[in-house]
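# A structural walkthrough
Now for the letters of each chain:
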Amino acid sequence: MVKIGAVQGQILRVNLSTGQISLEAVPGEVYEKYLGGRGAGAYYLYKELVPGTDPLSEDNKLIFFNGPMAGTMAPGSNKINLTFKSPLTNTYSFSLCGGHFGPELKFAGYDGLIIEGKAKEPVYLFIQNEEVVLKSAKALWGKTIPQTNEILKAELGGDHNLKVACVGPAGENLNRMACITADWYREFGRGGGGAVMGSKNLKAIVVRGTKDVNVASAPKLANYVRELYKEFKAHPKVYARRWYGTIEMLEGINKLGFWSTKNFSEGYFAPGEEMIGPKMREQVIVGDGSCYACPIACGKISEINSPKYGKVLLEGPEFETVGLLGPNCGIGDWETIIKVTQILDYNGIDTISAGAVFSFAMEAFEKGIITEKDTAGISLNFGNGEALVAMAEKMVKREGLGDLLAEGVKVASEKLGAPELAIHSKGLPPATYDPRGCKGMALTYATSPKGAHHMISPTMGAEIAGDRFADVGKAGIVRDIQMQMALVDSLGYCSTMRFVYTVDKQVDLFNLATGLNYSKQELLEVGERILNLERLFNMREGFSRKDDTLPKRFLEEAMKEGPSQGQTINLQSMLDEYYQAMGWSEDGIPKEETIKRLGLY
Ligand code: SF4
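Residues numbered from 1 in each chain as written. Predicted model: local features only at pLDDT ≥ 70, side-chain atom pairs only at ≥ 80, totals over all residues. Heavy atoms only, no water.

Core analysis: the largest hydrophobic core is formed by 87 residues, its most contacted members being Phe358, Met395, Leu405 and Tyr433. It is helix H13 (residues 351-366) that contributes the most residues to this core, 8 residues altogether. Other than its neighbours up to four places away in sequence, Phe358 contacts Leu325, Cys329, Val340, Leu344, Leu388, Met391, Ala392, Met395 and Leu405. One finds Val30, Leu35, Val500 and Leu524 within the second-largest nonpolar core, a separate group that totals 57 residues. (Core = buried A, V, L, I, M, F, W, Y, C linked by side-chain atoms within 4.5 Å. Buried < 20%, exposed > 50% of the residue type's maximum accessible area, 1.4 Å probe, protein only. Helix = DSSP H or I, 4+ residues; strand = E, 2+ residues; numbered from the N terminus. Contact = heavy atoms within 4.5 Å.)

Running from N to C, H13 and helix H15 (residues 385-397) point in directions that differ by 120°, and their axes come no closer than 11 Å. In terms of axis orientation, H13 runs oblique to H15. At the point where H13 passes H15, the crossing takes the right-handed sense. Here Ala354, Val357, Phe358 and Met362 of H13 come into contact with H15, specifically with Leu388, Met391, Ala392 and Met395. Its residues assigned to classes, the contact of H13 with H15 shows 8 nonpolar, no polar and no charged. (Axes fitted to C-alpha atoms, helices over the stretch in contact; angles between N-to-C directions. Parallel < 35°, antiparallel > 145°, perpendicular 65-115°, else oblique. Left-handed = near helix turned anticlockwise from the far one by under 90°. Nonpolar A, V, L, I, M, F, W, Y, C, P; charged D, E, K, R; others polar.)

A separate point is the packing of aromatic side chains. Counted under the stated rule, the structure contains 19 aromatic pairs. Between Phe101 and Phe188, the aromatic rings sit 6.4 Å apart at their centres with planes inclined by 90°, giving edge-to-face as the arrangement. Of this pair, Phe101 sits in helix H3 (residues 101-107) while Phe188 sits in strand S11 (residues 186-188); the two residues are 87 residues apart in sequence, bridging distant segments of the chain. Neither Phe101 nor Phe188 differs from the other in exposure class; each is buried. Taking 5.9 Å as the distance between ring centres and 65° as the angle between the ring planes, the aromatic pair formed by Phe107 and Tyr292 counts as edge-to-face. Note that Phe107 is positioned in helix H3 and Tyr292 in the loop between strand S13 (285-289) and strand S14 (299-306), a separation of 185 residues in sequence. A network of ring pairs unites the aromatic residues Tyr34, Tyr43, Tyr44 and Phe65 as a single cluster. Sitting above the plane of the Trp243 ring, Arg281 keeps its charged end 3.9 Å from the centroid. (Phe/Tyr/Trp six-rings, centres within 6.5 Å; stacked < 30°, edge-to-face > 60°. Lys NZ or Arg CZ within 6 Å of the ring centre and 35° of its normal.)

Of all 6 residues making up strand S4 (residues 80-85), 6 are buried, and the element is well covered by its neighbours. Every second residue of S4 is oriented toward a common face, with Ile80, Leu82 and Phe84 on one face and Asn81, Thr83 and Lys85 on the other, all of them buried. Sheet analysis places strand S3 (residues 62-66) next to S4, joined by 4 bridges and oriented antiparallel. Across the sheet, residue Phe64 finds its bridge partner in S4, namely Leu82. (Pairing = 2+ DSSP bridges.)

Next up on the list: the site of the ligand. Near the ligand you find Asn78, Ser290, Cys291, Cys294, Ala297, Cys298, Cys494 and Thr496, and these make up its full shell. Looking at the shell around the ligand residue by residue, the classes come out as 5 nonpolar, 3 polar and no charged. (Near = heavy atom within 4 Å.)

Turning our attention to the side chain of Asn60. Along the chain, Asn60 falls in the loop between helix H2 (37-48) and S3. For Asn60, the side chain forms a polar contact with the main-chain oxygen of Pro55, separated by 2.9 Å. A polar contact is formed between the side chain of Asn60 and the backbone oxygen of Lys85, at a distance of 2.8 Å. Leaving out residues up to four positions away in the same chain, Asn60 has contacts with Leu49, Thr53, Asp54, Pro55, Phe84, Lys85, Ile115, Glu116, Gly117, Val196 and Lys200. (Polar contact = N/O pair within 3.5 Å; in protein donor to acceptor, adjacent residues only side chain to side chain.)

Attention now moves to the domain arrangement of the protein. Domain assignment breaks the protein into domain 1 (10-208), domain 2 (239-421) and domain 3 (435-499 + 519-597). If you average the C-alpha positions of domain 1 and of domain 2, the two centres end up 26 Å apart. Facing the 33 residues of domain 1 at the interface are 27 residues of domain 2. Here domain 1 packs against domain 2, burying approximately 2200 Å² in sum over the two surfaces, 53% of which is carbon and sulfur. By the criterion of area lost to domain 2, the three top residues of domain 1 are Met177, Arg186 and Arg190, representing 26% of everything that side buries. One can count 4 salt bridges joining domain 1 with domain 2. Note that Glu315 and Arg186 form a salt bridge whose closest N and O atoms lie 3.5 Å from each other. For the pair domain 1 and domain 2, the number of links is 17 residue pairs in polar contact (both at pLDDT 80 or more). With 3 residues, helix H5 (residues 169-172) is the single largest residue contributor to the side of domain 1 that touches domain 2. (Domains from an automatic or database assignment. Buried area = accessible area lost by both parts, 1.4 Å probe. Salt bridge = Lys/Arg side-chain N within 4 Å of Asp/Glu carboxyl O.)

Here the focus is helix H22 (residues 520-540). Spanning 21 residues, H22 covers 31 Å between terminal C-alpha atoms, matching the ideal 30 Å at 1.5 Å per step. Across the 21 residues that make up H22, a large majority, 15, are buried. Immediately downstream of H22, the backbone of Gly542 shows phi near 100°, a positive value. (Expected span 1.5 Å × (residues − 1).)

Strand order in this open sheet of 3 strands is S13-S14-S15, and the pairing throughout is antiparallel. Because the sheet does not close on itself, it has two edges, and the strands there are S13 and strand S15 (310-315). For this sheet, the mean angle separating the axes of adjacent strands, direction not counted, is 15°. Pairing of S14 with S15, which is carried by 6 bridges, proceeds in the antiparallel orientation. By the bridge assignment for S15, Asn305 is matched with Lys311. Running at roughly 35° to S14, helix H8 (residues 236-244) makes contact with S13 and S14 of the sheet. Packing of helix H12 (residues 334-347) onto the sheet brings it into contact with S14 and S15, and relative to S15 it is tilted by some 65°.

Turning to the sheet that holds strand S9 (residues 163-166), a few remarks are in order. What holds strands together in a sheet is hydrogen bonding between their backbones, with the strands either parallel or antiparallel. Sheet architecture is open: 6 strands sit in the order S8-S7-S12-S9-S10-S11, paired in mixed fashion. Looking along the sheet, the strands with just one partner apiece sit at the ends: strand S8 (131-136) and S11. The sheet shows a mean angle of 20° between the axes of neighbouring strands, direction not considered. Both S9 and strand S10 (residues 180-182) contribute to a ladder of 2 bridges, which runs antiparallel.

All right, on to helix H18 (residues 440-447) then. Burial within H18 is extensive, with 8 of its 8 residues counted as buried. All of the buried residues in H18 are Gly440, Met441, Ala442, Leu443, Thr444, Tyr445, Ala446 and Thr447. Looking at the buried residues of H18, the elements they touch are helix H19 (460-464), helix H20 (474-491) and helix H24 (571-582).

Another point: the packing of H18 against H24. Two numbers describe how H18 lies on H24: the axes approach to 10 Å, and their chain directions differ by 75°. Between H18 and H24, the interaxial angle falls into the category roughly perpendicular. Mapping the contact onto sequence places Gly440, Ala442, Leu443, Ala446 and Thr447 in H18 and Leu571, Met574, Leu575 and Tyr578 in H24. Grouping the amino acids of the contact of H18 with H24 by side-chain chemistry returns 7 nonpolar, 2 polar and no charged.

This is how it looks when you write it as structure tokens:
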């Protein structure tokens, strides 16, 4: 076994077709070249997945992998990564989840877990240190996320330290936007990992661990962490995030005119003036929540007591959910947003992707492409909250139009003959930032290996501080942030820690925890290596420059009014600049010299 601090050095491999469960050592080179988390996931998926694999076939894999920092004393060290081929995009995909599930898997003695094959009947996987067994989940099939958690915890003796990651009915019925939910409220959200898990007849993974995570220099790391906590305490952004959660970001993007509104046809939402952190705190927030070892605690518990929907209590909604189910559907009230979020969360569906398919359907309805005949009498206009609730319920059950919407916005729009109204890249809808008002996000969405995911390189802060409408010069910013994010996602931190964590600090933490001696340049090169490997995976699947694109709306329709008025995106020149910055050819293929330099062959 490798002698690197903070890692357990081994993973579990579970073949659901044969029932075989095996323990595998992870080669030292994998940690050295890819660290863990997203990087190790990319390594294993590239190495093991046969090109052309159907994402919903038993040949697809679910690769859960912790970063070296996960489960240590470092602030925010709780993100575990899941890598798989996406049934929504057919690309490489990964998804990160906070909470406690990742650290618990590490406490059980495993850095990662590879699930392959398909069980004949519904099962769940129980892991308690060395005890690893598959158990029947027939009684759990059809249950929601909260029901599954309650039943499993009761069945397993009521131990509140058990950590559960499970799918809801959406994962079971292969909704391509299905997520995997951990600890009731944290999700492996994007790309349809829940559908892959459902396709394998795997309802849940339950973990309990009691082992230590042994870092190389515990006293030095403890001192370093003590100083970091002081910095978190003093940081001006921490207060806002702790008090208002991620909602604190919404006010700014509305004022700057790039908040997704009515299927991204507008960038400013007047009722959004009321949908800001302090208002939310006053009106619906009733409690706070946190992931493992977090000094920020951005989780918010919300409650409504609605004449229409009764009492609804949930964790969230996060700002992306509010953006996509709110303004993007023309909705400006908490009652609807929280009710729809509950339906999606309880059934295990990515709220961003769902919001995008609903807003598409609303625009298609207003344009007469979908009629009341298709919606079973529902007037699916923008702003109709009851219609949105009804359509969410139909999608969960795959009933009527809901069955088509469950395929995601790309497939649904193509089948309805209206692909020009679908807002996505490679099949994955973007977050709530309209890239016409912040041009680096255009490159972020277009070049992301998993489709239009904002956290591949969230450039907003850097861009707002400079010229957010400029397209020239954005490639370097996007490339640098992409490398830094690949690093964060592979080390095992929550990306919000970047309030305080500079790359230099991450180097210090990594070296103190692992006992290795990486320079800043070496660590950033790991990020670059991961980005290139992800690119190579997608190229092997047939993706190329033509797929690094954006919806026609962003490219050709200028923002109509507001502070981002008149903006469109000149993507091709941005791509040229980006490929050059990445050491790729004009066609977006990593050059031989880049591949060699990064040690990818
Ligand atoms: S900042 Fe929020 S998401 Fe990140 S670790 Fe803390 S509670 Fe979790």
